[in-house]
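Descriptive structure summary
Take a look at the letters that make up each chain.
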Amino acid sequence: MIPAATLPHPPLVFGPLSPELVLVGAGLLVMLIDALRPGNTGRFLASLTFAGIVAAGIAAALLWNWHGPTLVLGGMIAADRYSVFFRLVILVVAAIAVVLSQHYLERSGEYRGEYYALLLFATAGMTLITASADLIMVFLALEILSLSLYLMTGFSFRRLASAEAAMKYFLLGAFSSAFFLFGLALAYGATGTTNLAGIATRLLFTLAPTQPRGVLLPSPALALVAAAFLGIGFAFKVSVVPFHMWTPDAYQGAPTPVTAFMSAGTKVAAFAAFLRVYTVAFGPLTNDWRPILVVLAALTMVVGSVLAIAQRDVKRMLAYSSVAHAGFILTAVAAGTAEGVRDAMFYLAVYAVTIVAAFGIVMLVSVRGERNLSLDDYRGLARRSPFLGGGLAVLLLSMAGIPPTSGFVAKVAVFSAAVRAGFWPLVLVAVLASVVAAFFYLRLIVVMYMREPEVAAAPAGETVLTRLAVGLPVAATVLLGVLPGVLFDVLAHPSVLPLGGFGFGL
Amino acid sequence: MIALVPLFPLAAAAILLSTGRRWRGASAGWLASFAVAASFAVALAELSSLLSKAAPARHVITTLYRWVAVGGFSVDISFRADPLSSVMTLVVSGVGLLIFVYAIGYMRGDPRFPRFFAHMSLFVFFMLVLVTAENFLLLYVGWEGVGLCSYLLIGFWFERPSAAAAAKKAFVVTRIGDTAFLLGILLIWAKVHSLDFEVVFHQAPALAGGTVTAIALLLLGGAVGKSAQLPLSTWLPDAMEGPTPVSALIHAATMVTAGVYLVVRAHAIYAATSAGTEAVALVGLITALYGGLSAIAQDDIKRALAYSTMSQIGFMFFGAGIGAPSLAIFLLVTHAIYKALLFMGAGSVIHGLHDEQDMMKMGGMRRAMPLTGVLWIAGAWAISGIPPFAGFFSKDEIISAASLSGHTVMWGFALVGAVLTAVYAWRATFMTFFGETRVEREPHESPAVMTGPMTLLAIGALLAGLLGLKATGGVLVRFLQPVVGLPPQAGQGLSESGLTVISTVLALVGFVVAWFVYGSGRFDWVALRVRLAGLKRAGMSAFYLDDVYATVIGGPAKLAAAFTAFAIDLRIIDGIVTWMARGVGMAAVYGRRVQSGLVRTYALVFLVGVVGVLWYVAVKI
């Protein structure tokens, strides 16, 4: 019998996991209260959810100056500023989503108690994935957020489009999860570990062969296949062409606040993991995976931008726009440099805030449920509601990358990272795609400002809270466009790079 | 602390722009005035804090924020407190405050009263940024900002086509200079890799001679545009379409002198290039004479003052060009005071005569408006350089400095300019306030809210000369010494007292000539106008400069524009774009067919992607 003292026992440091613990705790509390007090209006649970997200945000912010060990819980969780940055972005998105959801569910009469618990669990999955330092943990977090989002997508199940969207999202999601899992297994087979930093160390070991005898030789070829399969899993989540087919259907079918939440949150979370896995674990293979990302980025930008033109439904148009944006972000990832990572982080923060507010305004224009979604319903919106019209115009200009908005700065940063990495043909494609994309953004602005409304539609009836929820992002869009240094200064510090990437933190 | 100075007017502008309609009556004007007063108070505090330091230590740089950092290019939002910026902030906020209070009376009853003060506050904000900026880019922001506000305020009564046209003209003409300025900034960046004043001025002497001259001339181009010097002078007289307080604040006291500030601020650059300084002096001197001659021929009281401003700023450039930047600033300060006073006086007359600006329809106004008359005369004494008023100390010192620094020929022409100044100032005085009345409607004296600020300015016009009194060693000049050095001292040419006597006598000659022709009643000046009609017309139109520009530049430019618009743009460029847009549209229509809505199609596309990726990996391995 082995004495207990010799059992390997990883030290249990839960500090770096505190935001997730808070979120999951709040989620359980919401479920409990809902079970004990059925038939409540949801306002209380929404405030509770909001408080949980704020508390998680505080917990995440406190981690910014974490002085404990950098890898905790047996190397599963990284306590770095990279994860704190993304967690804060996701939590901001989630907080806005709570306000939007409460407004939507109350008006459409579709409120059921489990909604906020699902939202909290999805948020927990999203924040967890940003801190995952092991492929197992990445997969786990990916599934937590995906399962919650499948349910949320189909939350209005009486509406056929919603149920259909959830079904498609789920089937294709399962398909991509299989690929991801396959890649995980191959990575383990190639290197003998699932730890991200561990994979990198072993790969470096092989590429510079000074190994002692008796060590299992990792295989770079197999590792590249693993990287390809893991990449496909991420590409699905962030809607990279040709793995994007679910996006328009799911975004259009899901209840608008859910679309707002997942278009911003999923993309940020999955890109955070994508960047971490590729730059940390497969950093030694950077030159091998770059070309494929370049091709995918170009494809994504062109297909997303061109197909958005043909859309008459505003939600669907924004969905294609979000595909195109995945391509722009991928441009920075493809650069494979520390600068590229920083610029992708900037872009993601800017994009998340912009898209969540844009869908928020779409939701407010709908007034109740899923109405007024056609381009024609936006005629003269700026005159009917200068606040919604003006706010959406600013957000659209930002998405089109027109100064003085944050989208312009983000695009410049991403493009310059790619140019410096030598990918100027990719940037050429990106610029052309931006020109195409500008068309449908500006078309919507033209419709809002220069077309007469067909009927004097009812006022949007937004409340102070929803006004804040979409107004603050609009303000942030302009602020970051004029003073981008606010965010770039934060990102300039070397410790915001993922732990173990670019030689940092090892 | 210096960074606080521009903040108050910005806040006032933001409040008035967002909630303008809620401010009833004159309250918007008092809010804006209060904000400018707060800026003035902070500027005073800054001055006392500077004075408490030893002279060489009187410069404080406050960096608020790293504004842009792209690659190797970085610019901060940083402000500079030193004697020069301190003097400029005091002038802008001090004179600005009096003009704001005056404007409350002048603009009363205007339907866009709050908007007027919103734009005025925004102007003061940008002007304060301009004079406190610590780098060229921030200065340029202020520079463009005041240009924008100038545009908005010249065209404030945009219902009048002439006002809208004048606003556009001011914007376009100054834009030519601004482009030169921007090129200069880019050249500085290319050669020095910094836009901070500290760095640029420190390295300026080490640059190649041709580079420094190019930078100096490009900056001068910007200054010439903003300060309405030849050859970009034509916008200023038309700018008088704006409300009179605008003319007083923007087109007399502050914005138009920004060019002088720029040249003085960058004097380290000019000190490194004799060609640059000669160009500044020459531009200034020629404009001083040109403006003076044109001013004598004007009948519109505000246009006369506009040409006078052009001429006075010419003297400032002249001062900066002959190596006396501190004297240029001295003239800038005194000119801000007395020219604001003269504009307010003109505004008061115009107000009293129900928007009549033609001096031919005035005359004898001192009887109907005694207080305005007295205050105007104080301003006229000051501008004509007759002791003991301010202009005597400031302008004549520049003229003396020309002789002391060995510019004897230029000194001779500058003396002619001094005579012209006295002639046009007193011509306007006699035509407006003395002699037989030619008014068509009964005039009335202006309210206290207008005459009050004018009284304060008149006292300033009397006292500001003390700043340059030789007996006290020239307080202002000594204060500015750490920034721009001392003006030329006695040594060459005539003695200083001799020079003073000469210019004073000439100023008195100008006064006597004006009095004999327009004030004595012994001379039929109306007949003179008819006899010299050709000369009169030439002077009235400022020697046909506008017509020359319209023919030589405007005509060919319009032809070329028509050609590019209808031949090149419409047919070729637009044709390509249309063709490409159609292609993209077709691609979109066909592309969306793949999105069939069937999960099996989606999975198939997904699988195609997987095969593609794996194909790449297989080739790679």
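Residues numbered from 1 in each chain as written. Chains lettered and ligands numbered in written order. Predicted model: local features only at pLDDT ≥ 70, side-chain atom pairs only at ≥ 80, totals over all residues. Heavy atoms only, no water.

The figure often quoted for interface size is the accessible area lost as the parts come together. Listed per partner, the contact involves 39 residues of chain A and 26 residues of chain B. Joining chain A to chain B, the criterion identifies 5 residue pairs in polar contact (both at pLDDT 80 or more). Elements that contribute at least two residues to the side of chain A that touches chain B include exactly α6 (160-191), α8 (220-237), α9 (246-253), α11 (286-309), α12 (314-335) and α19 (485-492) of chain A. Classifying every residue of the side of chain A that touches chain B gives 28 nonpolar, 5 polar and 6 charged. (Contact = heavy atoms within 4.5 Å. Polar contact = N/O pair within 3.5 Å; in protein donor to acceptor, adjacent residues only side chain to side chain. Helix = DSSP H or I, 4+ residues; strand = E, 2+ residues; numbered from the N terminus. Nonpolar A, V, L, I, M, F, W, Y, C, P; charged D, E, K, R; others polar.)

To continue, consider the nonpolar core. Core analysis: the biggest nonpolar cluster contains 202 residues, and F136 and I269 of chain B have the highest contact counts within it. When residues of this core are assigned to their parent elements, the largest contribution, 18 residues, is made by helix α15 (residues 325-352) of chain B. Residue contacts for I269 of chain B: discarding those within four places in its chain leaves F136, I188, V200, F201, A204, V212, I215, A216 and L219 of chain B. Counting 199 residues, the second largest nonpolar core, distinct from the first, contains A226, Y251, A358 and A433 of chain A. (Core = buried A, V, L, I, M, F, W, Y, C linked by side-chain atoms within 4.5 Å. Buried < 20%, exposed > 50% of the residue type's maximum accessible area, 1.4 Å probe, protein only.)

This next bit is on unusual backbone geometry. All names here are of chain A. Look at the link from P403 to P404: it is a cis peptide, with omega at 5 degrees. Among the secondary structure elements, P404 is positioned in the loop between α15 (386-400) and α16 (406-420). The backbone of L73 sits at a positive phi, close to 55 degrees, despite the residue not being glycine. Relative to the helices and strands, L73 resides in the loop between β1 (71-72) and β2 (77-78). By relative accessible area, which is 17% here, L73 ends up buried. Even without a glycine there, the phi angle at N372 is positive, about 50 degrees. Within the secondary structure layout, N372 lies in the loop between α13 (338-366) and α14 (381-384).

All right, on to the packing of aromatic side chains then. In the structure shown here, the tally under the stated rule is 49 aromatic pairs over all chains. Taking 6.0 Å as the distance between ring centres and 20 degrees as the angle between the ring planes, the aromatic pair formed by F271 of chain A and F274 of chain A counts as stacked. One end of the pair is F271 of chain A and the other is F274 of chain A, both in helix α10 (residues 256-281) and 3 residues apart, which spans about a single turn. F274 of chain A gets classed as buried once you look at its relative accessible area, which sits at 2%. The lysine or arginine in question, R467 of chain A, covers the ring of F387 of chain A, its NZ or CZ lying 4.4 Å from the ring centre. The side chain of K395 of chain B reaches across the aromatic face of F315 of chain B, ending 5.8 Å from its centre. (Phe/Tyr/Trp six-rings, centres within 6.5 Å; stacked < 30°, edge-to-face > 60°. Lys NZ or Arg CZ within 6 Å of the ring centre and 35° of its normal.)

Bringing the pairing of strand β2 (residues 73-81) of chain B into the picture now. Residues and elements named next belong to chain B. Across the 9 residues of β2, 7 count as buried, placing the element largely inside the fold. Of the pairings in the sheet, the one linking strand β1 (residues 60-70) to β2 comprises 9 bridges and is antiparallel in character. In the sheet register, Y65 faces β2, and the bridge partner there is I77. (Pairing = 2+ DSSP bridges.)

Turning our attention to the layout of surface pockets. To find leftover empty space, one rolls a probe the size of a water molecule over the atoms. A volume near 970 Å³ is recorded for the largest pocket. Considering the residues around the largest pocket, the lining is formed by 40 residues, among which F50, V92, A95, I96 and L472 of chain A are closest to the centre. If you list the elements that add at least two residues to the lining of the largest pocket, you get α2 (43-62), α3 (81-108), α13, α18 (464-482) and α19 of chain A. Looking at the lining of the largest pocket, the element that brings in the most residues is α3 of chain A, giving 13 residues. Tallied by class, the residues present in the lining of the largest pocket amount to 28 nonpolar, 9 polar and 3 charged. Empty space within the second largest pocket amounts to approximately 690 Å³. If you go around the second largest pocket, you meet 25 residues; those closest to its centre are V409, P484 and F488 of chain A together with A69 and V70 of chain B. Elements with a minimum of two residues in the lining of the second largest pocket: α13, α16, α18 and α19 of chain A together with β1 of chain B. Taken together, the residues that form the lining of the second largest pocket break down as 15 nonpolar, 4 polar and 6 charged. (1 Å grid on protein atoms, 1.4 Å probe; cavity = no way out; pocket = protein on both sides within 12 Å on 5 of 7 lines; lining within 4 Å. Points joined across faces, edges and corners; volume = space filled by probe spheres on them.)

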